Structures are given as C-alpha cells and as structure tokens.
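# An overview of the molecular structure
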Amino acid sequence: MKTVQFREALREAMSEEMRRDKSVFLLGEEVAEYNGAYKVSQGMLDEFGPKRVIDTPIAELGFAGIAVGASMNGLRPIVEFMTWNFAILAADQIINSAAKMLQMSGGQYHCPIVFRGGNGTAGQLGATHSQSFEAFYAHVPGLKVITPSNPYDAKGLLKAAIRDNDPVVFLESEKMYGDKGEIPEGEYIIPIGVADIKRAGTDVTIVSFGKILKVAFEAAELLEKEGISCEIIDLRTVRPIDYACVVESVKKTNRCVVLEESWPLASISSEISYHLQRYAFDHLDAPVMRVTQTDTPFAFSPTLIDEALPNVARLINAVKATLYRN
Amino acid sequence: MATKAVAKPSKTTKKSSVASKSKFSKETYVKWYKDMLLMRRFEEKAGQLYIQQKFGGFCHLYIGQEAIVAGTVSGSRPTDSHMTAYRDHAHPLGLGTDPRVLMAELYGRTTGCSKGKGGSMHFFDKDKNFMGGHGIVGAQIPMGTGVAFAEKYNETDNVVFVSMGDGAVRQGALHETFNMAVNWKLPVIYIIENNNYAMGTSVERTTNVTDLSKIGLSYDIPSKSVNGMSPEAVHEAIEEACDRARRGDGPTLLDIRTYRYKGHSMSDPQKYRTKEEVAEWQAKDPIDHCLDVIKENKWLTDAEIEEINNWVKKEVEESVEFAENSPYPEAHELYEDVYKQTDYPYIKEY
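Let me sum up the structure you'll find in this document.

Cut-offs and rules
- Residues numbered from 1 in each chain as written.
- Chains lettered and ligands numbered in written order.
- Predicted model: local features only at pLDDT ≥ 70, side-chain atom pairs only at ≥ 80, totals over all residues.
- Heavy atoms only, no water.
- Helix = DSSP H or I, 4+ residues; strand = E, 2+ residues; numbered from the N terminus.
- Buried < 20%, exposed > 50% of the residue type's maximum accessible area, 1.4 Å probe, protein only.
- Lys, Arg positive; Asp, Glu negative; His and termini not counted.
- Salt bridge = Lys/Arg side-chain N within 4 Å of Asp/Glu carboxyl O.
- Polar contact = N/O pair within 3.5 Å; in protein donor to acceptor, adjacent residues only side chain to side chain.
- Contact = heavy atoms within 4.5 Å.

Another aspect to go through is the side chain of B:R109. All names here are of chain B. Looking at the secondary structure, you find R109 in the loop between α4 (99-106) and β2 (130-133). This buried residue, R109, is left without a salt bridge; E324 holds the nearest opposite charge, at 6.6 Å. A polar contact is formed between the side chain of R109 and the backbone oxygen of S326, at a distance of 2.8 Å. Look past the residues within four positions of R109 in its chain and what remains in contact with it is A104, K115, G116, A323, E324, S326, P327, Y328 and P329.

Okay, structure coming up:
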C-alpha cells in the first residue's frame, strides 16, 4: 500500500488506462499546459503529449459535444469539467446526446465516455459554484453516476468508469482533491453500482456518499461514546443504487438516516427513503430521517454556510431521533 | 480564406444550363435522378400516411432540398460519415439505406432503422455511416465535429458531413464548435441546408448577418454559398471541401441555398411565405432539372425513364407494405439498448 492524495489517485487511474488503451484521451479546460485547475492531470501532458491531453477553450457545451461524437466513433474520452456547475452548460450533450444515443439509434451507436470534475460546495464560492448534481444526473436513464468519497474508491471506480461502455458521470470535489488515503501499489478496479459498508454497526444505518460522508464518520465516533453503534454505508454509485446493501443493513439495525450534501426535494435521500418504506417497511422501528442541505441556494457568508450544510450536530440529532433518544 | 458569397441561387440556375458542357457523366445524372426521386416519392408518401394518421410523432419533410444530399453523396466517399438534425429522411436514402427500414421506423416498428425507438427525427444506419438523425437543434454540430475528431485522432483521411438548418446557425453550440474545429483542423464539412426559414421565422428576422457564409469568417473557416437546387454545384463545393479536409487543412462551411416546398412540419399553415415564392423555387426543381439533362442528352429512352419511375414507385409501395406488416416492439425491448451493460439493474415498480 501507499499513501496518495485523491487527485493522485484520479491521475493514476487515468494514466494507467491511457497507457493500456490508445483510444482513451483527456480534454477540458486547463488540463494540459496548466496541469489541471486542481492539478489532477499534473504531468499527463508530458507523458501523453498534446494529442491525448487536450486544452479546450471555455466552451463546455462545445467540447462536451465533440467528446460525445468522438465516443460514437470509437474513442473513449475523459471530459474534465472544472466544476460540475459549469457543466450545466453542457447538460444538453450529457442528457440529450450521450445518455440517449444507444437507445435512439436502436443499439447502433454507444458512448463510452466519462464526464468528471469537482462537484458540491467548496467554501465561500456563492450559489452558482456550490451545487451538487448527484440527484440531477441519477435521474437520467442511460447514465451511470459515481460519487467516490476517498482516494482508494476514486481510483478503482474511475478505472471502471473509463472501461465502461456506457456514459458515466463522475462527481469529485474540490475539497477532496488534497485528501490522503491508502491505495495498493498495483492495479485494481472497483465495480460500478456496489455500495461499501465503511463502518459496521448495529443500532442505526447511516447512508451517504461523496465528501459529506466525513460528517458521518465524525458523528459515528461521538455516538459510539454514547453507546450508539452506527453502520455507515457509502453508496459510491447513485445510478444504479445498491439498494440491497441498504435494505440488508436496515433489516439488521431497523433504523436509517440518510446524509446528503445536496437539497432535500427529489434527492437521493428521498429515493432511499421511498425504497426503505417499500422494501423494509416491517423492519423499520422509526421513520427514516435525513440530513440534507437547506432548501435554499448556497450563500456566501460563513454564517449562512454553517446554517446551510449538514453537520455533525444535525446528524447526531437525526440518529437519536430514530432511537427516540432526543 | 473565405470566399465571397455567390449570387443568390434564384438567379443562377437556368433550366438544364449545365447539360451541354457538364463534367458529370450520364451515370451521375441517372443516379441523382433516381436517388432524388426516391427521396421525393418516399416523403410524399410519408406525408400522406401521416395525414391518414398511420403513424404519429413529428414528420419534417426534405422535399425541395434533395439536391444537397444527392450532391454530397456523389462528391464524397462511402467511408465518410454523415450527421444531421431531425429533417433526416433523405440522408440515409441518399446513402443507400433500404427505404423499408426507414418507413418501418416512421411507423414505430421493431424492424425500423432504430428499432422503433427513434422515430422520424432519429434515423440511424451504422452500415452507411449515417450517424443520426438528432432532435435538438444544433446538438449535431459538436457531435459531428467529434466524429471528425476521432477520424483525425485515428489518422484516417475520412471526412464528416454535419448538416444543419439555417435556424441552427444561431445556437451557441455552433459557435463554440466552429472555433475548436478550425483551431484543431478537424476534417469536418458544415452544410447549412439554408431554406431561409427556421420553422416560420425567416433568416432576415433573426439576424443582421443574413449571408450565412459570413459566419465562417470570424472563425477563419473557409466558407461559401452554394446553389442548393443544383446537384452539380453542391457536388463541386463538396469535392473542394473534401480535398481541403483530407489534406489536413480543416473544416469548410457551405451555406447551401435551398427551399423546402412543404411546411416545417405537417402542422405548418405556412402563413410566413407566399405561394408565389414557393412556386418560384419549385420552378428550379433539381429532379426536373436532372431529367431535362438526361433527356436533352438522350441518355435514357422514355421507356428507361419510366422503368426508373416505376422502380421508385415500387420501392415506396413495398416500404409501406413492409412497415405495415412489421410488428411493434415488445415491452421487453424498452429495457434493451439503454445501456451496453446487459444486466443493468433497472428500477421496476408497479
């Protein structure tokens, strides 16, 4: 094992796949000569050259569409969006083109493409730079949506995404790129659509994904001291969702809190909650709770950020509510 | 770089004017005539069937614009690729797709070119490098350019034709893409099928830059206007653009002036134009023109022409018969071709 940053894990995944398969290439704003806005692609231009590590103009719709077309014609593009907020401009190509190509062509053309970049809040960046898109893209049949929470998962899942023959949305975080974690020396792949029990427990199941999972770890530590044992499930993929993992856990704990960085309405937490009342109804000893971002656009001031984001105290409250211990 | 726009096509096409000194062979004219007649009759039939409610959805007819496809196909190679918007019936017909599978697609049958999942706006035929059939105005512009990107990446000398209406020119996707296509010298040829109306809104009403060939100027893309009622003119412009793309000099923009005789779609009352205007363009019909050239040169006898006409008629009739006798897709087909992953765990509820 070795310790690497999240960004290095992503870089290893891309570089290994590019060495393995000449049809894989990376394009996006500042990915080449600038070495990546967040240094994810550092050094890749030197290794692979300008044919395969390509700086684009600021034209998300245009370069996303070019990548979709390239994927229809046998290549395997990795599209880096500086953040997913900017990828809203490319949503037509992700949702209308990539996600539907295989179906609309009656199976003739497919899009093996990965769209990746920073997602979610990253400090005082204001409303337009702080959105989380898990539920947006999870809503769309034809896509797969991956939400890694640590360097190990990020590398294994990105390699799986690059090798996948369907279009994949890969949601990272500016706040996670510097996170360190252990990964094996050699190659490994983590399958898409398989959740991971990050912490075993018996009293309450906490379901989460992405960088907000850190709040769950912190809360679980504190709750442990109060004699409450939390099982933490990292979904890792939000389309498809590994429902079985969640249901099995809840059958054991009989209680569930969903922790999500984004807004509450039509969210991953709504989906998990529906699924549990439908498929684990008789096992629930309390209503499913959730902790999400407030139902407001994200604001600039630190006091408003504190108010908006899920935090440890709120999660602890929600967990205790499922145990009727508030 | 960019050449000046030629005079309006309405003043350049005289009936059969190219016949005597044409560089095009009998075979070319006969193929143009046959292909365009198939497009015309296929779509006339499709329009009738649509009115009879034999199938639903939208139905955008290409009638009047056939010379663009005819000249593009004759001026290119079978290894080149084609992508267009939703007015997409004529392109695969010109490339040789069996009209039966196209009619079946209009009918939403499982034997259709897109297995009944695409419909009128989403025809595809991978065997002919026909890459759609795309319903979002302008979306095909970056996508088709990406197809060209892959050709350059793989170091082929194939080119890609990306067709669009004059309305699509106003989409941001075009401007973002043109910039990259020329910067990266991609082997792509942009064809504006300029019929002067984006649905019911004329070019003049949406822009101060009414000469669409000028759009290429700001991107340093060689551009020109072409008489779209003349397969000869289209063919020549396409050949020139192909030469440029194949030798690695990047994209070309062709503003091909044409006219659709029918409405935007089947529900268009056409109050935005006069009957006289339609008649004026119909007088320059490319199918009539090819027939005139063939007759003038005595390349075919009346009987041979009749044989072609009958063949076309039969092809269209058989395509309808094929479509009507084909089954609709079964329920399980809804879960096929969404993912390449064959065991994707779909959510299935009541």
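It is worth spelling out unusual backbone geometry at this point. Cis geometry is adopted by the peptide bond preceding A:P240, which originates at A:R239 and carries an omega value of -5°. Here the bond from B:G132 into B:G133 is cis, since omega is 25°, no more than 30 degrees from zero. Of note, B:Q270 is a non-glycine position whose phi angle comes to about 55°, a positive value. With respect to the helices and strands, the residue B:Q270 is situated in the loop between β8 (252-257) and α9 (275-282). The phi dihedral of B:D337 is positive, around 70°, even though this residue is not glycine. Overall, B:D337 belongs to the buried group, its relative accessible area being 15%.

For the rest of this paragraph, the subject is the pattern of salt bridges. Residues and elements named next belong to chain A. In the structure shown here, the tally under the stated rule is 48 salt bridges over all chains. The partner of K159 in a salt bridge is E16, with the nearest N and O atoms 2.5 Å apart. With K159 in helix α7 (residues 151-163) and E16 in helix α1 (residues 6-20), this pair connects stretches of sequence that are 143 residues apart. The two residues K159 and E16 agree in class, both being buried. Residue D234 pairs with K198 through a salt bridge whose shortest N-O separation is 3.0 Å. Here K198 lies in strand β9 (residues 196-199) and D234 lies in strand β11 (residues 230-234), a separation of 36 residues in the sequence. Here the salt bridges share partners, and the residues they tie into one network are K2, E12, E16, E17, R20, K155, K159, R163 and E187.

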